[in-house]
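Structure assessment
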Amino acid sequence: MLAAAAMCASLPARGVPLRWPEGTLRGFPVVRDASGRQIASGTLTQWIEDGNLHVSATYEFKDGRTVEEKTVLQQHPELAQLRWSWEERKGSEVQRSYSVDFTTGHAVAHKRGEDVREDRLDDARKLGQAFAGVGFMYAVKNLAADLEKGGEIELIAVAFTPKPRTVTVSVRRDQEGSLAMGGRTLGADRFVIHPEIPLAFIAKLFVKAPDQYLWFYQPSPPAFLRADIPLAEPSDPIVRIELIGGPEASQPQSRRPPARSRR
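Now for a description of the structure that goes with this document. (Residues numbered from 1 in each chain as written. Predicted model: local features only at pLDDT ≥ 70, side-chain atom pairs only at ≥ 80, totals over all residues. Heavy atoms only, no water.)

1. Things to note about helix α2 (residues 135–147)
Taking 1.5 Å as the rise per residue, α2 with 13 residues should run 18 Å; its terminal C-alpha atoms sit 17 Å apart, in good agreement. Along α2, the sharpest kink reaches roughly 35°, centred on Lys-141. Burial of α2 is extensive: twelve of the 13 residues sit out of reach of the surface. For α2, the full list of buried residues reads Gly-135, Phe-136, Met-137, Tyr-138, Ala-139, Val-140, Lys-141, Asn-142, Leu-143, Ala-144, Asp-146 and Leu-147. (Helix = DSSP H or I, 4+ residues; strand = E, 2+ residues; numbered from the N terminus. Expected span 1.5 Å × (residues − 1). Bend = angle between axes of the 7 residues up to and from the residue. Buried < 20%, exposed > 50% of the residue type's maximum accessible area, 1.4 Å probe, protein only.)

2. Topic: the pattern of salt bridges
Evaluated as defined, the whole model comprises 21 salt bridges. The salt bridge partner of Glu-233 is Lys-111, with a shortest N-O separation of 3.0 Å. In this pair, Glu-233 is assigned in the loop between β15 (223–230) and β16 (238–242) and Lys-111 in strand β8 (residues 106–111), connecting sequence segments 122 residues apart. Taking relative accessible area as the criterion, Glu-233 reaches 4% and is therefore assigned buried. The salt bridge partner of Asp-174 is Arg-190, with a shortest N-O separation of 2.6 Å. Within this pair, whereas Asp-174 is found in strand β12 (residues 164–181), its partner Arg-190 is found in strand β13 (residues 184–195), the two being separated by 16 residues in sequence. (Salt bridge = Lys/Arg side-chain N within 4 Å of Asp/Glu carboxyl O.)

3. Quick look at the environment of Thr-166
As for its placement among the helices and strands, Thr-166 is situated in strand β12. As a C-alpha pair, Thr-166 and Phe-131 span 35 residues in sequence and 9.6 Å in three-dimensional space.

4. Notes on the pairing of strand β4 (residues 52–61)
On any regular strand, side chains alternate: one points to one face of the sheet, the next to the other face. With respect to burial, β4 is a largely interior element, eight of its ten residues being buried. Relative to β4, strand β3 (residues 38–49) runs antiparallel, the two being bridged by ten bridges. Bridged to Thr-45 within β4 is Ser-56. Remark: two residues form the turn of the hairpin made by β3 and β4, two consecutive strands paired antiparallel; Asp-50 in that turn has positive phi of roughly 55°. Summarising the sheet, β4 and strand β5 (residues 65–74) pair through eight bridges and their orientation is antiparallel. (Pairing = 2+ DSSP bridges.)

Below you can see the structure in the form of structure tokens.
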């Protein structure tokens, strides 16, 4: 118990150590709704430029929407997200967009027909501790080995409700087992990202802040398999992003890790 508590207290203050360096990659994820029906096809591309990792993901929805997410991360001396943006279009018209520069804390949110909302988020400037969107996939991948030992690790999430804000989240492994995807059964661990938001604050905002789930292939090196996350804002419907397309993926055959103490 004391060892787990010490890990939770020490790792976030120093950021996310880089265990699995990234390089050039192209993938073709799919997006499903809560029933498992495929609603979008995606293309994800990552590459190294000016010493940093650049990631671009585009999703074409069957209802005519297009979502594009971009981010830049440094990998040395530790993993840190530098910039992030997300945009949803219908035809040529932007429906909503969000962005944050982690080096300055400047965050912008805009919805069609509404005023632009801007803010300076001081907590977002804690490089190596603050992440948004797809940045959490890279953060959890590099923290997986520590989380397998038990306990939790706290990070900072940049969220849009739609006003830009930051919130502390706890990350822990909550399941281990297998996941059937694309006609294969793969060993997988599930990690939960839980927003640590006071109930009174949620009631004031009338916003539901759901847990988010990421599945990674095991054994190491870990590889992203699936995410159950809101599309953009916490109040959006949960969607499932899968790395391996094909027929509807089954629910994981999983077991919970041995009970661990929580702070």
